[in-house]
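In case you want the letters, here they are:
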Amino acid sequence: MTFTKKIAMTAVATMMSTAVFAADIIVVSHGQANDPFWAIVKNGAELAGEHTGANVDYRAPETFDMIAMSQLIDAAINQEPDGLVVSIPDGDALGPSIEKAVAAGIPVISMNSGGDVAGSLGVLLHVGQAEYDAGLAAGMQLKEAGGKKGICVNHEVGNVALDQRCEGFAEGFGGDVSVLPTGNDPAEIKSKVAAALSSDESVDTVMALGASLAGEPSVEAAQESGRDIKVASFDLSANFLQMVLDGKAEFGIDQQPYLQGYLPVTFLALNKEYGTVPGGDVPSGPNLITADKAGQVMELAEQGIR
């Protein structure tokens, strides 16, 4: 066990005690309201608030909008919270607002995306997974499964973290890979994946970047094609895990979004009370959930935890 992981586990044990910390913590993410992934992050943040006694205010723009998100961060700064949690899908766009928070003396922890730029912006630490490395692992796994030509379904073009996933996938896969840009409507994604499979019968692999939004409709499109298409997805949902169990999908990549919401709030509550903070980033993933593991996490996925 690494030193950082030991710190994280110690923090979890500490916040499960009877201590109550009167900290005001604001969480600003880029997650859209219709994305079940971000509901899990919010669940984790809110539970951390319950465990620590901190007041947690979770905010996000209605769409993937960096201007709106930077405005939410600026508004949070004006409230002078005891801590600020942010995702950083675009360091260039959000950097000035994050640096403004740091300059105002507000402790900032990043989660989910932006681990590669967080330190340069003055962020204390990052809780998340290295997106390129996760894509690399997925690509290597799908190559080993026999994939030759793939598409990477990007439902949030402009999100640097998702771009990194596709780049890592292409590197690990090693074969012919193209990016299929879509919106975040599952019906649209299914239609576009189906069209891509129909227009090129040599495509045998689909890498989706979100289980509920893109993974599930990608599996449906693959099944309806009547061909042997290997489908995998970042993140988890109960339905996608069932698809893995049924042999319709290869695996899901679990970055543990619950921890991404839970740990930063907890760390900031402890920082407010004791001035403590972990000495490094906390990797929450990736974990490849294949058929032999899927059954173990399905119940928790249905509860909005995994």
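Everything below is about the structure shown above.
Residues numbered from 1 in each chain as written. Predicted model: local features only at pLDDT ≥ 70, side-chain atom pairs only at ≥ 80, totals over all residues. Heavy atoms only, no water.

1. Description of the sheet that holds strand S9 (residues 230-234)
Note on sheets: strands pair through backbone hydrogen bonds, and any given pair is parallel or antiparallel. Taken in spatial order, the 6 strands of this open sheet run S7-S6-S8-S9-S10-S12, and their pairing is mixed. Here the strands that pair on one side only, and so sit at the sheet edges, are strand S7 (176-181) and strand S12 (287-289). Neighbour-to-neighbour, the strand axes of this sheet turn through a mean angle of 20°, independent of strand direction. Relative to the sheet, helix H9 (residues 238-245) contacts S9, strand S10 (251-254) and S12, its axis offset from that of S10 by approximately 140°. (Pairing = 2+ DSSP bridges. Helix = DSSP H or I, 4+ residues; strand = E, 2+ residues; numbered from the N terminus. Axes fitted to C-alpha atoms, helices over the stretch in contact; angles between N-to-C directions. Contact = heavy atoms within 4.5 Å.)

2. Description of the pairing of S10
The alternating pattern of S10 places Phe-251 and Ile-253 and Gly-252 and Asp-254 on opposite faces, both of which are buried. In this structure, S9 lies alongside S10, joined through 3 bridges in parallel fashion. Paired with Phe-234 across the two strands is Ile-253, which belongs to S10. Handedness of the β-α-β unit built from S9, H9 and S10 comes out right-handed. (Buried < 20%, exposed > 50% of the residue type's maximum accessible area, 1.4 Å probe, protein only. Right-handed = clockwise from strand over helix to strand, strands pointing away.)

3. Structural notes on the pattern of salt bridges
This structure, assessed with the given rule, holds 10 salt bridges. Ionic pairing is found between Glu-224 and Lys-190, a salt bridge with its closest N-O pair at 2.8 Å. With Glu-224 in helix H8 (residues 211-225) and Lys-190 in helix H7 (residues 186-199), this residue pair connects regions lying 34 residues apart in the sequence. Note on Glu-224: relative accessible area 58%, which makes it exposed. By sharing partners, the salt bridges in this structure join Glu-131, Arg-165 and Asp-235 into a single network. (Salt bridge = Lys/Arg side-chain N within 4 Å of Asp/Glu carboxyl O.)

4. A closer look at the packing of helix H5 (residues 131-144) against helix H6 (residues 160-173)
In the contact formed by H5 and H6, the axes pass within 6 Å of each other and the chain directions differ by 35°. Here H5 runs over H6; the crossing is right-handed. Listed contacts from H6 to Glu-131, Tyr-132, Gly-135, Leu-136, Gly-139, Met-140, Leu-142 and Lys-143 of H5 are Ala-161, Gln-164, Arg-165, Glu-167, Gly-168, Phe-169, Glu-171, Gly-172 and Phe-173. Per-class residue counts for the contact of H5 with H6 are 7 nonpolar, 5 polar and 5 charged. (Left-handed = near helix turned anticlockwise from the far one by under 90°. Nonpolar A, V, L, I, M, F, W, Y, C, P; charged D, E, K, R; others polar.)

5. Considerations on the side chain of Asn-112
Tracing the backbone through its elements, the reader meets Asn-112 in strand S4 (residues 108-112). Classification of Asn-112 by relative accessible area gives buried; the value is 5%. A polar atom in the side chain of Asn-112 sits 3.4 Å from the side chain of Ser-113. Filtering out sequence-adjacent residues up to four positions away, Asn-112 remains in contact with His-30, Phe-37, Trp-38, Ser-87, His-126, Val-127, Gly-128, Gln-129, Glu-131, Gln-255 and Gln-260. (Polar contact = N/O pair within 3.5 Å; in protein donor to acceptor, adjacent residues only side chain to side chain.)

6. Describing the packing of aromatic side chains
In this description, a pair of aromatic rings is defined by centroid distance and the angle of the planes. A full pass over the atoms with the stated rule returns 2 aromatic pairs. Geometrically, the ring pair formed by Phe-37 and Trp-38 is edge-to-face, given 5.2 Å between the ring centres and 80° between the ring planes. (Phe/Tyr/Trp six-rings, centres within 6.5 Å; stacked < 30°, edge-to-face > 60°.)

7. Description of the state of the cysteines
Counting across every chain of the model gives 1 disulfide. Here Cys-152 is linked by a disulfide to Cys-166, with a sulfur-sulfur distance of 2.1 Å. On the sign convention where negative means left-handed, the S-S torsion of about -85° between Cys-152 and Cys-166 marks this disulfide as left-handed. Here Cys-166 lies in helix H6 and Cys-152 lies in strand S6 (residues 149-154), a separation of 14 residues in the sequence. (Disulfide = S-S within 2.5 Å.)

8. Re the sheet that holds strand S11 (residues 282-283)
Spatial strand order, S2-S1-S3-S4-S5-S11: 6 strands in an open sheet with parallel pairing. Two strands close off the open sheet at either side, each with one partner strand: strand S2 (55-59) and S11. With respect to the sheet, helix H2 (residues 36-52) is in contact with strand S1 (24-28), S2 and S4, its orientation differing from that of S2 by roughly 165°. Strands in contact with helix H3 (residues 66-78) are S1, S2 and strand S3 (83-86); relative to S1, the strand with the most contacts, it is inclined by about 170°.

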